[in-house]
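# Coordinate analysis (summary)
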Amino acid sequence: MTFEISDSHVAEENARRLPALEEDYEQLGRLLARRDVDIERLTELAQAFRVAVPSWGVGTGGTRFARFPGPGEPRDIFEKLEDCAAMLKLVRTTPGISLHIPWDRPQNPAELRAFAQARGLFFDSMNSNTFQDQPDQRHSYKFGSLTHTDAAVRRQAVEHNLECLDLGRALGARSHTVWIGDGGSFPGQVHFRRALERYLDSLRAIYQALPAGWRLFIEHKLYEPAFYSTVLNDWGTSYYCVRELGERAFSLVDLGHHAPNVNIEMIVARLIQLGKLGGFHFNDSKYGDDDLDAGSIKPFQLFLIFNELVDGGLSGVPGFDPCYMLDQSHNVTDPIESLMVSATEVQGAYARALLVDRKALDASQEANDALMATQTLKAAFRIDVEPILAMARLQAGGAIDPVAAYRASGYRARVAAVRPAVSGAGGGIV
Ligand code: RM4
Ligand code: MN
Ligand code: MN
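Described in the following lines is the structure provided in the data block. (Residues numbered from 1 in each chain as written. Chains lettered and ligands numbered in written order. Predicted model: local features only at pLDDT ≥ 70, side-chain atom pairs only at ≥ 80, totals over all residues. Heavy atoms only, no water.)

On to the coordination of the manganese ion (ligand 2), then. Distances from the manganese ion (ligand 2) to its protein donors, E219 (OE), D254 (OD), H281 (ND1) and D327 (OD), fall within 2.1 to 2.2 Å. Considering all six donor atoms around the manganese ion (ligand 2), the spread of angles at the metal, 71 to 168°, places the coordination shape in the octahedral class. Counting residues between consecutive donors of the manganese ion (ligand 2) along the chain gives the motif E-x34-D-x26-H-x45-D. Between the two metal centres, the manganese ion (ligand 2) and the manganese ion (ligand 3), the spacing is 3.9 Å. Within this pair, whereas E219 is found in strand β6 (residues 215-219), its partner D327 is found in the loop between β10 (323-326) and α10 (335-354), the two being separated by 108 residues in sequence. For the residue pair E219 and D327, the accessibility class agrees, reading buried in each case. (Donors = N, O, S within 2.8 Å, 3.2 Å for Na, K, Ca; no water. Tetrahedral: all angles 85-135°; square planar, octahedral: opposite > 155°, others 65-115°. Helix = DSSP H or I, 4+ residues; strand = E, 2+ residues; numbered from the N terminus. Buried < 20%, exposed > 50% of the residue type's maximum accessible area, 1.4 Å probe, protein only.)

So, about the packing of helix α2 (residues 39-48) against helix α13 (residues 386-395). Following both chains from N to C, one finds α2 and α13 inclined at 65°, their axes separated by 9 Å at the closest point. Here α13 runs roughly perpendicular to α2, going by the angle between their axes. Crossing of α2 over α13 shows right-handed handedness. Between α2, through I39, L42, T43, A46 and Q47, and α13, the contact on the second element is made entirely by I388, L389, M391, A392 and Q395. Taken together, the residues of the contact of α2 with α13 sort by class into seven nonpolar, three polar and no charged. (Axes fitted to C-alpha atoms, helices over the stretch in contact; angles between N-to-C directions. Parallel < 35°, antiparallel > 145°, perpendicular 65-115°, else oblique. Left-handed = near helix turned anticlockwise from the far one by under 90°. Contact = heavy atoms within 4.5 Å. Nonpolar A, V, L, I, M, F, W, Y, C, P; charged D, E, K, R; others polar.)

With that settled, consider the site of ligand 1. With respect to spatial proximity, twelve residues lie near ligand 1, and among them H100, E219, D254, H281 and D327 are the closest. The contact in question runs from an oxygen atom of ligand 1 to an N or O atom on the side chain of E219, over 2.7 Å. In this structure, D327 approaches ligand 1 through a side-chain N or O atom, which is 2.8 Å from an oxygen atom. Protein contact buries 98% of the 290 Å² of open area that ligand 1 shows by itself. Here the residues of the shell around ligand 1 sort into four nonpolar, three polar and five charged. (Near = heavy atom within 4 Å. Polar contact = N/O pair within 3.5 Å; in protein donor to acceptor, adjacent residues only side chain to side chain. Areas by Shrake-Rupley, 256 points an atom, 1.4 Å probe, with all protein chains shown as cover.)

It is worth spelling out unusual backbone geometry at this point. With an omega of 10°, the peptide bond running from I101 to P102 counts as cis. Relative to the helices and strands, P102 is located in the loop between β2 (96-100) and α4 (109-118). Of note, the bond from E224 into P225 is cis; its omega dihedral lies within 30 degrees of zero at 5°. Mapped onto the elements, P225 comes out in the loop between β6 and β7 (229-230). Not every positive phi belongs to a glycine, and R92 is a case in point at roughly 70°. The residue R92 is located in the loop between α3 (77-91) and β2 in this model. Its relative accessible area of 29% is what places R92 among the partly exposed residues. The backbone phi angle of N261 is positive, close to 75°, even though this residue is not glycine. Position of N261 relative to the elements: it lies in the loop between β8 (249-254) and α8 (264-273). Judged by its relative accessible area of 82%, N261 is exposed.

No statement about biological role is implied by the geometric values presented.
Dropping the structure here:
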């Protein structure tokens, strides 16, 4: 493998940073011991954390306004997997890949599966795309796909999802994620109730074809590309739909798909309580579905979400097994760097949520002590868990400082030399 970041490079990089890490880890260990927390145990839990990488996240960056291809961008799914392997080598938490079809449709799924396996990667979730027209497509999705008024268009959109299931089966995937752009841009354009009925009809056909052991995730979004109304607009509608569909259907929460200021951690708690939280698309945003790096704008919100997840996990809610995935688009950064930083941000939010003194929090809640309750959360949020994450990576064979090790490896320059610039490769536009 020409582009591999070698073990010796990682070891060399780590050797320089090890003394400082050991010092910081020891100091943090003492601080945590005073709170009755065993740092080794926390490191083990952080090490077991996993978050999947989106195949569309390593491709060409850009916004809907323009694309600015960077050097050495992957030209096909194999090169995307090479980039994912580089990431995995350094952060150790990202073996799972979410695959977008048709952007990354493999000609030969068995070959792609073997290629991934050889690099320690596997396919996690399949993602359908009926929000864009493809060149060879018979019916247009301009006025909708799974909810279109014309049964032939709906059928075509269902067929596409069935193809994703077939491909996913061959690739060894274990879930399917459906996000549609269907909705209306003008009042009156779409009959709200009939559109939702059509959505459910189409989803039922997809659900019935779900391979054994798979889960179906549906992703709500309040607006865009439809600007007035969307068919699957919020978590409540999503919850209704997954309940109608059956026990293998779950709601997926994309952090960018809510109105500004919506209390997402509370939505997470609701879905946990109702047994229908399927998973996440992590990203961050200031205004809309900005697809910025996880934890880059609202790290406290990310922590509060993980606070609910850890709490849900501890209370043994049946069927609680959320699937963590990143869903980002990178406009001004190297996608590999952004995805590595995002993976560690998410892992860090998890580690900090594990540090919440739950007994103290419960007691404050029962006693209506608002100040101490919120201080209990803040006390965990304020702890810098970086030494724990770095130690977890080191022990798993990764890099103490993934971005520094990546930059020093010269990976980007090496791939740029053999991957001539292409414009418009791979999705990430919505
Ligand atoms: C959408 C949504 C989907 C993702 C596409 C690329 O806004 O978040 O999850 O598949 O973007
Ligand atoms: Mn998403
Ligand atoms: Mn999105």
